[in-house]
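Topology and contacts: notes
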Amino acid sequence: MQKDELNTIKFAAIICLACSMALAGVQSALRGIQDENKRIDQQVNVLKALLPDFDPEGNPLTEEEQIELFTEGGILKEHKEWISLYFENFVETSDVQLAEGKSGTLYSLKKGEDLVAVAFPAEGKGLWSTVHSYVGLQPDLATIRGVTFFDHGETPGLGGECSKPWFQKNFMGKTLWNADEGPLTLVVAKGKADASSLTQVDGMSGATITGNGIQKFVNSTFRDYNESLFNEKRAL
Amino acid sequence: MPAKLNSIVTDPLSENNPITVQMLGICSALAVTAQLPTAITMSIAVTLVLTSSNLIISVLRNVIPPKIRMIVEMVVIASLVITVDQFLKAFAFEISKQLSVFVGLIITNCIVMGRAEAFAMQNPPKASVLDGLGNGLGYSAVLIIVAFIRELIGAGSLAGVQVLPDSYPGNGLMVIAPGAFIVIGLLIWLQRTLTKKYEEA
């Protein structure tokens, strides 16, 4: 009896040790590749906000954005390399200080000296999960150029629609600010948005809470950036 | 291959199919079958886990202390699933994002635990590997058939390639989980009618 129990404990200890060693080995061997995937995924999402017609499978440069590097360097086939190269060459990443001690990141897409677009990260709660997003603005720092929602755990087919192109395209051309009123409030409508409105976007049916969450965090994050950053930049 | 070993692989494909006859693993079959690529990835993952867990449990079957055998089975299965998940995150990042929690949930998939407990604990490694493979393939067959039907009717495409004319409006019911219930229900009906295997009342 005594011996039996000792054996059980020994066996349990050995199997736990063996399994944890194996898992630790697998994890550290694959860490590098996984981090690389995450980095590229994040770059793709920033690029989607800066350039809404960006397609990671295809050529990320529209014709007018063909810039020297690519005309001189030839075209790279492997799109992973495209993304990192494009990102490193044309997107300027800067850490920024926001009000109340918050810090943020601003991505600026430049073509020569001209600012083409800026994007900032925004995230907040949907129904089940934190929804991550990047919001891209035109150089006026008010009009939405593109927006991307990703890395969320919302219900597929309902709140999960937020990462579908139709929902994200919906935001393009809407405005978050004007000179007379300052920051405006973007509204995710219940059902179809008023087509003439510059601050309403179509909602997702069956996903009121996800829509409300998105509305809340996009507006509040924009206000944070607007107060500490955009107002000064516009004044320049 | 002797007839007996042969039937270990072929039985679970239809007559003793883990999904349509044993009614195991239904949850993941509903969740990942809206499109073919996710269903195929899930099928490969489950078949791999099932085959290797059966092998390991079968090799260890004479030394596993009976008192803690289910915990040991769980530890082995969980380690295998985490390994598969890590590989997917490294080499199939897009698909692993779509599968999200469902790869992790293979740990609780009754097929894996069920085969370890019911077969691998009593049988030698060779037969256990074949049993795992057979059940994995049986699971995969149902998953792929369901995903084929759901993607075709739901979106008019197969593995993302549009096959029905662009004017096809799509069918929202097939894309959401209730559509999978209906398709699996019809499959079970069809299969039991063909194999004449009925529940005894």
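Keep in mind that what you see is a predicted model, and the values were worked out from it rather than measured.

Here we come to the overall build of chain B. Of regular secondary structure, chain B possesses 10 helices and 2 strands. Along its sequence from the N terminus, chain B presents helices and strands in the succession α-α-α-α-α-α-α-α-β-β-α-α. Its C-alpha radius of gyration of 18 Å places chain B within 12% of the 17 Å reference for a compact globule of 201 residues. Out of the 201 residues belonging to chain B, those deemed buried represent 45%. For chain B, long-range pairs separated by at least 24 residues make up 74% of all intrachain contacts whose partners lie at least 6 apart in sequence. As presented, chain B carries roughly 9600 Å² of accessible surface, and 71% of it is formed by carbon and sulfur atoms. The positive charge centre, built from 12 side chains, and the negative charge centre, built from 11, are 7 Å apart in chain B.

Our next topic: the side chain of Ser133 of chain A. Inspection of the secondary structure puts Ser133 of chain A in strand S4 (residues 130–137). When sequence neighbours within four positions are dropped, the list of residues in contact with Ser133 of chain A reads Phe120, Pro121, Ala122, Thr148, Phe149, Phe150 and Phe217 of chain A.

Attention now goes to the environment of Ile188 of chain B. All names here are of chain B. Tracing the sequence through the fold places Ile188 in helix H10 (residues 177–195). Owing to a relative accessible area of 14%, Ile188 belongs among the buried residues under this scheme. Residues Ile188 and Ala127, spaced 61 residues apart in sequence, show a C-alpha to C-alpha distance of 27 Å. Leave out the neighbours within four places in its chain, and Ile188 touches Thr20 and Met23.

Moving on, we get to the pairing of S4 of chain A. Residues and elements named next belong to chain A. Within S4, 6 of the 8 residues are buried, which leaves the element mostly enclosed by the surrounding structure. In this sheet, S4 lies alongside strand S3 (residues 114–125) in antiparallel orientation, the contact comprising 8 bridges. Of the residues in S4, the one forming a bridge with Glu123 is His132. Between S3 and the antiparallel strand that follows it, S4, lie 4 residues. In this structure, S4 lies alongside strand S5 (residues 144–150), joined through 6 bridges in antiparallel fashion. Within the sheet, the bridge partner assigned to Val135 lies in S5 and is Val147. Linkage of S4 to S5, two consecutive antiparallel strands, is achieved through a turn of 6 residues, within which Leu141 is found at a positive phi near 60 degrees.

Per-residue confidence for chain B gives a mean pLDDT of 86, with 96% of residues at or over 70. Both scores are given for the predicted complex: the pTM is 0.76, the ipTM 0.75.

Take the interface of chain A and chain B next. A common way to report how large an interface is uses the accessible area buried once the components associate. Between chain A and chain B, the contact holds 16 residues from the first and 20 residues from the second. Buried surface at the junction of chain A and chain B, summed over both partners, amounts to about 1600 Å²; 74% is from carbon and sulfur atoms. Our enumeration of links across chain A and chain B arrives at 1 salt bridge. Between Lys67 of chain B and Glu5 of chain A there is a salt bridge whose closest N-O contact spans 3.7 Å. Taken together, the links from chain A to chain B amount to 3 residue pairs in polar contact (both at pLDDT 80 or more). The residue inventory of the side of chain A that touches chain B, partitioned by class, reads 9 nonpolar, 4 polar and 3 charged.

Before going further, it helps to spend a moment on the sheet that holds S4 of chain A. Strands belonging to one sheet form pairs held by backbone hydrogen bonds; the direction of such a pair is parallel or antiparallel. All names here are of chain A. Overall, antiparallel pairing links the 5 strands, which are arranged S1-S2-S3-S4-S5 in an open sheet. Of all the strands in the sheet, the pair left with one neighbour each is strand S1 (91–97) and S5. Averaged over all adjacent pairs, the angle separating strand axes in this sheet is 25 degrees, with direction ignored. In the packing of helix H1 (residues 2–50) onto the sheet, the strands contacted are S1, strand S2 (103–111), S3, S4 and S5, and the crossing angle to S5 comes to about 150 degrees. Contacts between helix H5 (residues 208–235) and the sheet are confined to S1, S2, S3, S4 and S5, with S3 contributing the most and set at about 140 degrees to the helix.

So, about the packing of aromatic side chains. Residue and element names in this part refer to chain A. Per the stated rule, a full pass over the model turns up 13 aromatic pairs over all chains. Ring centres of Phe167 and Phe171 lie 5.2 Å apart, and the angle between their planes is 80 degrees; this geometry places the pair in the edge-to-face category. Owing to a relative accessible area of 1%, Phe171 belongs among the buried residues under this scheme. A ring pair is formed by Phe222 and Phe230, whose centres lie 5.9 Å apart and whose planes are at 45 degrees; its orientation type is tilted. Considered together, Phe222 and Phe230 belong to a single accessibility category, that of buried residues. Ring pairs connect the aromatic residues Phe149, Trp166, Phe167, Phe171 and Phe217, which therefore count as one cluster.

Residue and element names in this part refer to chain A. Taken as a whole and judged by the stated rule, the model has 8 salt bridges over all chains. In this structure, the salt-bridge partner of Asp202 is Lys192, at a minimum N-O distance of 3.3 Å. Of the two residues, Asp202 is situated in the loop between strand S9 (200–201) and H5 and Lys192 in the loop between strand S8 (187–188) and S9; the sequence distance between them amounts to 10 residues. Taking relative accessible area as the criterion, Asp202 reaches 18% and is therefore assigned buried. By relative accessible area, which is 69% here, Lys192 ends up exposed.

This next bit is on unusual backbone geometry. A positive phi angle is found at Leu141 of chain A, which is not glycine, with a value near 60 degrees. With respect to the secondary-structure elements, Leu141 of chain A resides in the loop between S4 and S5. For Met23 of chain B, which is not glycine, the phi torsion reads 60 degrees and is therefore positive.

Rules and cut-offs
Residues numbered from 1 in each chain as written. Chains lettered and ligands numbered in written order. Predicted model: local features only at pLDDT ≥ 70, side-chain atom pairs only at ≥ 80, totals over all residues. Heavy atoms only, no water. Helix = DSSP H or I, 4+ residues; strand = E, 2+ residues; numbered from the N terminus. Rg over C-alpha atoms; globule rule 2.2 N^0.38 Å. Buried < 20%, exposed > 50% of the residue type's maximum accessible area, 1.4 Å probe, protein only. Contact = heavy atoms within 4.5 Å. Areas by Shrake-Rupley, 256 points an atom, 1.4 Å probe, with all protein chains shown as cover. Lys, Arg positive; Asp, Glu negative; His and termini not counted. Charge placed at Lys NZ, Arg CZ, Asp CG, Glu CD. Pairing = 2+ DSSP bridges. pLDDT = per-residue confidence, 0-100. Buried area = accessible area lost by both parts, 1.4 Å probe. Salt bridge = Lys/Arg side-chain N within 4 Å of Asp/Glu carboxyl O. Polar contact = N/O pair within 3.5 Å; in protein donor to acceptor, adjacent residues only side chain to side chain. Nonpolar A, V, L, I, M, F, W, Y, C, P; charged D, E, K, R; others polar. Axes fitted to C-alpha atoms, helices over the stretch in contact; angles between N-to-C directions. Phe/Tyr/Trp six-rings, centres within 6.5 Å; stacked < 30°, edge-to-face > 60°.

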